[in-house]
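# Architecture at a glance
Below are the chains, spelled out letter by letter.
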There are 2 protein chains.
Amino acid sequence: MQLHRSDVVTKAAHILDEFGIADLTMRRLARELSVTPGALYWHFADKQELLGAVADRILEPAVPDVAALPWAQRISTIGAALREALLSSTDGAELVSATFASGRSAALARILDLLAAAASDAGFETTNAALAARTIVYYVLGFTVDEQSRLQWDAAGALPDGQSVLTSNPNGRFAFGMRLLVDGMSAQHTVSPDDGASPDEGVDTGVTVPTA
Amino acid sequence: MQLHRSDVVTKAAHILDEFGIADLTMRRLARELSVTPGALYWHFADKQELLGAVADRILEPAVPDVAALPWAQRISTIGAALREALLSSTDGAELVSATFASGRSAALARILDLLAAAASDAGFETTNAALAARTIVYYVLGFTVDEQSRLQWDAAGALPDGQSVLTSNPNGRFAFGMRLLVDGMSAQHTVSPDDGASPDEGVDTGVTVPTA
DNA sequence: ACCTGAACACCGTTCAAGT
DNA sequence: ACCTGAACACCGTTCAAGT
């Protein structure tokens, strides 16, 4: 029978989940699909495209319907959904991080849009809303890559002691950073008499460089 | 003459800077040092240890003396110094990101400590200060990996149009995210009448899970 | 102590040729 | 249109043996 794009992605997702990202090679994938490595290159231009498709598979449940929520809750919900999706697969965070860097995941683009829309509702103009959205994603990916690698060290037996501060209560730890970011966004759009916050001035979009 | 650890790191840093991370292989490194690949394994346990040493070399100038500055400026200064060090070498951000994930850079640990100390001065207790420090590093690494890959796409000729918003004014864009984070930190330690901010309660360190 | 030689067990990608 | 066979040009790591 014929090999389809989706079969390849499904098998790749299985290998990832069972054996980790180091075992997700084109040759092994081909072997487990009972085809020749070259066959995969009929369906995918290169390995990165394949990984992008796997990332999208992992991120499917991470695009929640949040249209009705106030902006801050929308951001928290999306962040939590993203983290959960990443944790659901072995090395999921690492795979999606790599894919994010190469810009080949459609689902991640969608998540970025949702976050930018929330930031926009918070009062940021378009450019800064997109920046805030990326900042959230940097945090979720960074945190979760860390968390997942520690989980694996831990499961594999040896956790370096004294580091228990870094593994306990991961949900609370994750929420702390999310709160930091959401608070930062609020601060820039809440004028209060004693904190010196000012309305959003935006980043000068490309003409001058205001930073020292 | 004898091969020393520092010679290996120096040559590795040169290959990285001239040809990028894809060309930084143990075999090529050995070839350019006129030794056998096996020789490298006398000086380094594995490739990750070597990459950690290269990361430390790159990060040397990114550990600024900031003891005298107020906490917010210390954070901004460290963040800017880190970004600058990453940008100074081809694929520097990617290399340090990979090394950060594997926890093998001493310099990055030092930077994390400096940031945590600043967060501590901002009013966070130890656990949360360490979390805030990591959040800053996630941001700087994420942002700079992005920035550097776009710089390379751009230099290599084809920049996908309509994306100019993402490449112009990088200094201002970087500062925006830093401000977001610093503002978030301030918000949690500034009691003002209309923003509902409360003093730092900390993450319950490992006993209960306060998050839904 | 420090390095070579040689092997082990792999990679991603391409492409003429087959069906 | 879809895939095989076979090659190209590599990898990281180990380890007996040499000096």
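See above for the structure.
Reference entry: report on the structure contained in this document. The structure displayed is predicted, hence computed values, not measured ones.

Let's shift gears to helix α7 (residues 106-122) of chain A. Residue and element names in this part refer to chain A. With 17 residues, α7 should reach 24 Å at 1.5 Å per residue; the first-to-last C-alpha distance of 25 Å fits that figure. Among the residues making up α7, those that are buried are A107, L108, I111, L112, L114, L115, A116, A118, A119 and A122. Packing partners of the buried residues in α7 comprise α4 (47-59), α5 (71-87), α6 (92-102), α8 (126-155) and α9 (170-187). Following α7 by one or two positions, G123 has its phi on the positive side, about 120 degrees.

With that settled, the discussion passes to the protein's contact with DNA strand C. R27(A), Y41(A), L3(B), T36(B) and H43(B) are the nearest of the 17 residues found near DNA strand C. Within 4 Å of the protein, atoms of DNA strand C come from sugar and phosphate in 61% of cases. With respect to DNA strand C, the backbone of M26(A) contributes an N or O atom lying 2.9 Å from a phosphate oxygen. Within the side chain of W42(B), one N or O atom sits 3.3 Å away from a phosphate oxygen of DNA strand C.

On to the protein's contact with DNA strand D. Near DNA strand D you find 17 residues, and of these L3(A), T36(A), H43(A), R27(B) and Y41(B) are the closest. Counting only atoms of DNA strand D within 4 Å of the protein, the fraction found in sugar and phosphate groups is 60%. With respect to DNA strand D, the side chain of Y41(B) contributes an N or O atom lying 2.5 Å from a phosphate oxygen. For the surface near DNA strand D, the secondary-structure elements that each account for two or more residues are α3 (37-43) of chain A together with α2 (26-32) and α3 (37-43) of chain B. Sorting elements by how many residues they give to the surface near DNA strand D places α3(A) first, with four residues. Considered class by class, the residues forming the surface near DNA strand D number seven nonpolar, six polar and four charged.

Basis of the calculations
- Residues numbered from 1 in each chain as written.
- Chains lettered and ligands numbered in written order.
- Predicted model: local features only at pLDDT ≥ 70, side-chain atom pairs only at ≥ 80, totals over all residues.
- Heavy atoms only, no water.
- Helix = DSSP H or I, 4+ residues; strand = E, 2+ residues; numbered from the N terminus.
- Expected span 1.5 Å × (residues − 1).
- Buried < 20%, exposed > 50% of the residue type's maximum accessible area, 1.4 Å probe, protein only.
- Contact = heavy atoms within 4.5 Å.
- Near = heavy atom within 4 Å.
- Polar contact = N/O pair within 3.5 Å; in protein donor to acceptor, adjacent residues only side chain to side chain.
- Nonpolar A, V, L, I, M, F, W, Y, C, P; charged D, E, K, R; others polar.

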